[in-house]
Amino acid sequence: MEIRTLDSLAVGEKGIITGINGGRTATIRLFEMGFNRGSEVCIVKNDIGPIIVSLAGSKIALGWGLARKIMVQLKEPSMQNAEAWDKGGMKYADNSISR
Amino acid sequence: MQTIALVGNPNSGKTTIFNALTGTNQHVGNWPGVTVEKKEGIIKFQNREYSVIDLPGTYGLGGYSEDEAIARDFILKGDHDIIINVVDATNLERNLYLTTLLMEMGAKVIIALNMVDDAEKRQIKVDYERLSKELGIPVVPTVASKGRGIDQLMQKTAETIGRKNHIRDISYGKEIDEKVAFLKDIIERHQIDREYPSRWLAIKLLENDEDVIGKYQDNAAFKEGVLAEVKKTTDEILATSGMEPEMVILDKRYEFINQVVSKAVVRPKEEIDTISDKIDRVVTHKYFGIPIFALIMFIIYQLTFTIGQDILGEALAGGIEKLGELVAGWLEAVNSPEILNLFIIDGLFGGVGAVLEFIPLIMVMYMMFGILEDSGYMARAAYIMDRSMRALGLHGKTFISMIIGTGCNVPGVMSTRTLENKKDRMIAILINPFMSCGARLPIYMVFIAAFFPKHGGLVLFSLYAIGIIVALTMGKIFSKVFRGEESFFIMELPPYRMPTIKGIGLYMWEQVWSFVHRAGTVIFLVVSLLWILSILPYGVEPYSEDSILGIIGSFIAPIFRPAGFGTWQASVGLFAGIAAKEAVVGTLGMVYAGVEEGARLITSIQGVFTPLSAYAFLIMSLLYTPCAATIATIYKETNSKRWAWFSAVYTFLIGWTGAVLVYQVGRLFGLA
């Protein structure tokens, strides 16, 4: 599976964190807050403003600068996620929008 | 007396446990970063007294922000006999990270597994005994908000405090474990005078922890003997694993946590789409988020005005007036000296009474703020504002400190401690005074009642909005002036909760009490002092321009002439407001009460101000120099007299400019 940065995921998509590509402070900060290798994150919101992810049962808002430092391996979206897209009013095409 | 320290992630419920343990009523709120200082309390349990310390929430021991540094320094200093590690049961994986750090320190720890009711609701099953066994730490399930498990927690704490620890050492994999043991030996052989356990020191050195290394910077033996070995070991690990040792250690901590969690916790396969998600979909919506926030604030001010002022406030004002007349009649009946009558009627009832009339208003307003806080919406407000804040070069969390500033600028300024970056924090401190605090409300209310009775909510809303706009504009300017590294935004969004009557009641009470307390102390003192100045020199017509107060006021007055309120009364009012903002109304109430017998402040100012000059006066009151307590807090938080002076002077200039602009532009448009 391809490795992407967290900010490139669309609402409902899930990924497994493979690493953090940032400075020491940012990396440790993210680790402390639970963005460690192997954790599963799910995108709750990704339009304007900071991204909201769900991580181990809690919701965390993080700015794009940080999200871009987080490398994730995309999980194949399940049917449930597809439903989540519909609910959130997002289309698959949003995936390809480059920022 | 033995000391218990409460340690845990932000918003895990430390302060709620602290309140339950000590029977105090420290402020709690449903968002991360409510507690920014350490607080102390006493608990008596089984005839023994313990001191309990509530620390700011922290995710780790990095101490990135001021509040986290307070927690870190306290934990590392070791002035405690036991740590109660408050862990959010719905969030074990992430909360246990801090636990592993405490375990490494060899600290005596007991876990309060909090919010187990929420975990149950979300079908997260935690096997407490297994968890305790895996960690080697006693675990007590609690629901602090309902007082459940608190006795058991204290029982367990009292038992554990005198016992030896059985905490497990965390394994970082064979290679690192060997290196840690090797370094531990070296540290012990060098017999350096150290305050920390040697294994922990070895780990921290491998992690390249700057603070710890800095502590031994002046120790030559340590530098040569230990640090050189650390460097060698680090290079070896880097060569074999291709990773910095600190990264390997971080990884292994989570590996350990995952093992523990997999044995002790069963989570539902798919997280249920909670109500929180549904609410968030609406209130954080990309287009509707900000309008919804504005609407909520507008409704709050509108309700504050109608219920707090028109209904309850009027009733109380009438009551105070009646009481004043009653006292006046009684004083005359007992033939008390004229000077005492003057002081009691004009100074106390006219001045302090004018301030107390606003208690219902404060109650209603902060009841609604309390609901917002307890529900968890505050963190969302910061979230939806982040984009606008960022466009101005400000940090999203700045907005939280601004919202807190609408209660009082003192906690508003203090709450900036959660900002990691020095530059962001400095800006947040300097713009906070523009956020209109509760003490300024009485000024608005008096003038609204006198000049804009039909549009009260709108005028009130406009003042708060102008405060925010000026704060953001100044923020933009400061962000261009100050230099600093780029900062990042990361914030946990707490789940929504139904606000409790107790929580809101406490919040309301806190505000009302501080308001009444100030009225009885600072305001009373200021008004008394000014009253004396207003009847001196002896024989002068009281409250006239010839009194000392009148002379002082007349001296200042010309600078306010371009703003339309160049009277000596307005000038001394604003002057008194630097002591405390309520004193503006208190002083005006006093100086005008004496002029027309029995006339209330509202009717007396109608003859002196025009609607336009009244609005200019409100703008001045909103923006000019913050009260003494705020200036003192700015001094404390920036640790700089220069910045404290600066904040006092620049806000005055901005307030004056704003008032003059309003008045002059208004006149151009033919307003009066």
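Just so it is clear, the structure is predicted and the values come from calculations on it, not from any experiment.

### Observations regarding the overall build of chain A
Along the backbone of chain A there are 3 helices and 6 strands. Listing each helix as α and each strand as β along chain A from the N terminus yields β-β-α-β-β-β-α-β-α. By residue count, 44% of the 99 residues in chain A fall in the buried class. Once local pairs closer than 6 in sequence are excluded, the contacts in chain A between residues at least 24 apart make up 67%.

### As for the domain arrangement of chain B
All names here are of chain B. The domain architecture assigned to chain B consists of domain 1 (2-161), domain 2 (174-266) and domain 3 (290-484 + 508-668). Between the C-alpha centres of domain 1 and domain 3 there is a distance of 39 Å. Listed by partner, the interface residues are 10 residues for domain 1 and 13 residues for domain 3. Its residues assigned to classes, the side of domain 1 that touches domain 3 comprises 3 nonpolar, 5 polar and 2 charged.

### Quick notes on the interface of chain B and chain A
Many structure descriptions define interface size as the accessible area lost when the parts assemble. Contact residues are listed per partner, giving 27 residues for chain B and 29 residues for chain A. Of all elements in the fold, only α3 (92-105), α11 (245-264), α16 (377-391) and β9 (490-493) of chain B reach the threshold of two or more residues within the side of chain B that touches chain A. Residues of the side of chain B that touches chain A, tallied by class, amount to 12 nonpolar, 5 polar and 10 charged. Bridge analysis of strand β5 (residues 58-62) of chain A against β9 of chain B gives 4 bridges, and the strand direction is antiparallel. Bridge assignment links I60 of chain A to a residue of β9 of chain B, and that residue is E492 of chain B.

### Details of the sheet that holds β9 of chain B
For sheets, the rule is that strands pair by backbone hydrogen bonds, running either parallel or antiparallel. Across the sheet, 7 strands lie side by side as β1(A)-β6(A)-β2(A)-β3(A)-β4(A)-β5(A)-β9(B); this open sheet has antiparallel pairing. This sheet does not close on itself; its edge strands, each paired only once, are β1 (3-5) of chain A together with β9 of chain B. Going from strand to strand, the sheet's axes swing by 40° on average, the running direction of each strand aside. Sheet analysis places β1 of chain A next to strand β6 (residues 70-74) of chain A, joined by 3 bridges and oriented antiparallel. Its bridge partner lying in β6 of chain A, R4 of chain A is registered against V72 of chain A. Strands in contact with α16 of chain B are β5 of chain A together with β9 of chain B; relative to β9 of chain B, the strand with the most contacts, it is inclined by about 145°.

### Digging into the confidence of the model for chain B
Residues and elements named next belong to chain B. Residues of chain B with pLDDT of at least 70 account for 97%, and the chain-wide mean is 85. Per-element averaging of pLDDT across chain B places helix α14 (residues 338-356) at the bottom with 76 and strand β7 (residues 139-141) at the top with 95. The ipTM assigned to the predicted complex is 0.79, against a pTM of 0.82.

What counts and how
Residues numbered from 1 in each chain as written. Chains lettered and ligands numbered in written order. Predicted model: local features only at pLDDT ≥ 70, side-chain atom pairs only at ≥ 80, totals over all residues. Helix = DSSP H or I, 4+ residues; strand = E, 2+ residues; numbered from the N terminus. Buried ≥ 20, exposed ≤ 12 C-beta atoms within 10 Å, placed from the backbone. Contact = placed C-beta atoms within 7 Å. Domains from an automatic or database assignment. Nonpolar A, V, L, I, M, F, W, Y, C, P; charged D, E, K, R; others polar. Pairing = 2+ DSSP bridges. Axes fitted to C-alpha atoms, helices over the stretch in contact; angles between N-to-C directions. pLDDT = per-residue confidence, 0-100.

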